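In case you want the letters, here they are:
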Amino acid sequence: MTRVLVPRVNGLCYGGDYNPEQWPEEVWAEDAKLMREAGVNLATVGVFAWSALEPAPGRYEFGWLDRVLDLLHGAGVAVDLATATASPPPWFSHRYPESLPVDADGRRLTYGSRQAFCPSSPAYRQAALALAGALADRYHDHPALAMWHVHNEYGCHNPRCYCDVSAAAFRDWLRDRYRDLATLNEAWGTAFWSQRYTGWEQVQPPRTTTTTPNPTHLLDFQRFCSDALLALFKAERDLLHRRSPGVPVTTNLMATGNFAVLDYWRWAPEMTGKDRLVSMDHYIVPGDPVAPPAAQVAYGADRTRSLAGGPWLLMEHSTSALSWRPYNPAKPPGQLIRDSLSHVARGSEGALFFQWRASRYGGEKWHSAMVPHAGTDSKIWREVVTLGGHLQRLAEVRGATVRAQVAILFDHESAWASDGPSQPSAEMSAVPEIRRWHAALWRMGVTADFAHPAHDLSRYHLVLVPSLYLIDDAAAANLHRYAAAGGTLVIGPYSGIADERDHVRLGGYPGAFRDLLGVYVDEFFPLPPGGTVSLDSGATGRVWTEHARAEAGTTVLASYADGPVANCPAITRRSVGAGTAYYLGTRLADADLAALLASAGAQPALPGAPPGLEAVRRAHDDGRSYLFLLNHAGADAVVPASGVDLLTGATWPDRVTVPAGGVVVLRE
Ligand code: GAL
């Protein structure tokens, strides 16, 4: 049976962050009228309203929020009610100065912005839970309440705190993991540079030190910091489940761009299942060197869908320009709608924005919104109204899922470790490389999921491993089993190198995958910045090469034609049981990577689609299927597909014309 994420809302969700506390009450009535006009059915209220809700310790002022919720309810707008715990007010930080976060250099940061608290602070936790509890008690049966929005973007500004309170919490976390100091010393390799600990009190967060810090110390601190914020989420979530039962709970993740500070694979199980949903915020990086804007949208959506294991909700994106980058381009006409519908194509149950009405003051006054400074006589407002209509016409898509045949492995711990200090090449960062492989698939029109190396991968024809430096024995065995059972693996360089303690696997690289791949490497030969090598297949390698040999039974598909390891194998293939494992010993240039992925079996959703035409399918379990066609190019595209366009009602018998910059959603 299809699971409805937000039962209070009929069809797809549409709306955004609504911050009425920034406006006089006269404006609220206009807001409600305009929301109706745009087809808004969900507003996220109160995200940064702590100081308005609790102006003094324990003194709650809910009158204004009562009026806002009543007004919205009267206008047919449901509410995603925030617990407002993302930004403690000045009175709180002033009263509990020890709750302010401390950076690695020992500087205590001050308030005056947002998220200025230490994740391990008992005072913060207590005050946040008290506020969330008071809100739950007051609004749990308000007819406008559709869902709870815990906090906001955990870890956006305060992912790590190095204060003494955090130090004590870190030691508790380490005691849980290692039980005794001898095991910790072994795991951290503290025989190196005389780092051996002889008392727990000596163990500190990895504060700034003289030179290269201990990599496993850093890695464990990153694991701890992710868990510390997750504990805060779970505490608020459990309180809401108790005091507002039956109302879905979420927090907005940031599974986008290079952000990988929280281990979302550990968060996802806490956000799925009964009365929970996964939501995500997405902001495009202008001029990103790895992926064009539309591919960035696809990446965030595909990652979030994979975390959710099905439909999810786009909690925030922008109608046009951001305000927090050095250069903040506006979206050209049509992009607002394409971006939103691309998220929907990839499993979002709607589209919400930051924010409803553009602020007049404050640090985000130049951020676009659904109601811009100019008001309704604007390009943005006209597109907002059009999008509202589109989403209403797409209501039947709700609950449909995207089924990908390709998975890309993403492991936060591995990414943290390979970004650790003193690497063979600082250019071997994992996340940008994972994004590059995803972008290659996007250009090919291939829909991909993301997965963790320990997941059951059996439903995928093809599993890609762009960069997986660190892997434990169980996950390595999982990948071996996947290939042996008939799957195809493509593994990129600097993978399988270290175990979960970041200890190098000995006896030749790529350690954990040496037998699987039938490749033996005795030395890495990273290229100088910007350097390339030629392969005898005509392909180009970048960043990395290695002195390798192929073992008996391994086919060499390409060798280096020049560079420091000329004649060594660069690309290999080996049969593994009923399946196949490819190895790339270098980072192939974009076009060569795409060619390799195609030959390994990556299939586009719509063969024959022209470049710039994004095609993604969402289908219900009963077989009803929808083909989203998004034309990012400047010319109309004619593609081989048929069905009824839900947006216009037009029937296309065998070929569809998707206008330049436009979108068609076919009921197939
Ligand atoms: C998000 C945040 C919003 C707003 C937005 C601006 O990170 O959740 O509150 O700041 O960015 O792009």
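This text goes with the structure placed above it.
Residues numbered from 1 in each chain as written. Predicted model: local features only at pLDDT ≥ 70, side-chain atom pairs only at ≥ 80, totals over all residues. Heavy atoms only, no water.

(A) How the structure looks around the overall build of the protein chain. Broken down by element type, the protein chain carries 17 helices and 28 strands. Rg of the C-alpha trace for the protein chain: 26 Å, near the compact-globule value of 26 Å for 668 residues, within the 12% margin. Counting only C-alpha atoms, the protein chain reaches 75 × 75 × 45 Å along its principal axes. The 668 residues of the protein chain split such that 60% are buried. Sequence-distant contacts, at least 24 apart, represent 73% of the contacts inside the protein chain between residues at least 6 apart. Of the roughly 24,900 Å² of accessible surface on the protein chain, a fraction of 52% belongs to carbon and sulfur atoms. (Helix = DSSP H or I, 4+ residues; strand = E, 2+ residues; numbered from the N terminus. Rg over C-alpha atoms; globule rule 2.2 N^0.38 Å. Buried < 20%, exposed > 50% of the residue type's maximum accessible area, 1.4 Å probe, protein only. Contact = heavy atoms within 4.5 Å. Areas by Shrake-Rupley, 256 points an atom, 1.4 Å probe, with all protein chains shown as cover.)

(B) Structural detail: the sheet that holds strand β21 (residues 587–588). Taken in spatial order, the 3 strands of this open sheet run β15-β16-β21, and their pairing is antiparallel. The open sheet terminates on both sides in strands that have one partner only, identified here as β15 (532–534) and β21. With 2 bridges connecting them, strand β16 (residues 540–542) and β21 associate as antiparallel partners. Its bridge partner lying in β21, Arg542 is registered against Arg587. (Pairing = 2+ DSSP bridges.)

(C) How the structure looks around the environment of Trp193. Relative to the helices and strands, Trp193 is located in the loop between α7 (181–188) and α8 (215–243). The sequence separation of Trp193 and Ala78 amounts to 115 residues, and the corresponding C-alpha distance is 59 Å. Setting aside residues up to four positions removed in sequence, Trp193 forms contacts with Thr211 and Thr212.

(D) Quick peek at the nonpolar core. Val45, Trp148, Trp267 and Val490 are the most contacted members of the largest nonpolar core, which totals 133 residues. Here the element with the most residues in this core is helix α5 (residues 122–139); it accounts for 10 residues. Structurally, this core is a two-domain feature, drawing no fewer than three residues from each of domain 1 (406–599) and domain 2 (613–667). Not counting chain neighbours up to four residues away, the residues in contact with Val45 comprise Tyr18, Leu65, Val68, Leu69, Leu72, Val79, Asp80, Leu81 and Ala82. (Core = buried A, V, L, I, M, F, W, Y, C linked by side-chain atoms within 4.5 Å. Domains from an automatic or database assignment.)

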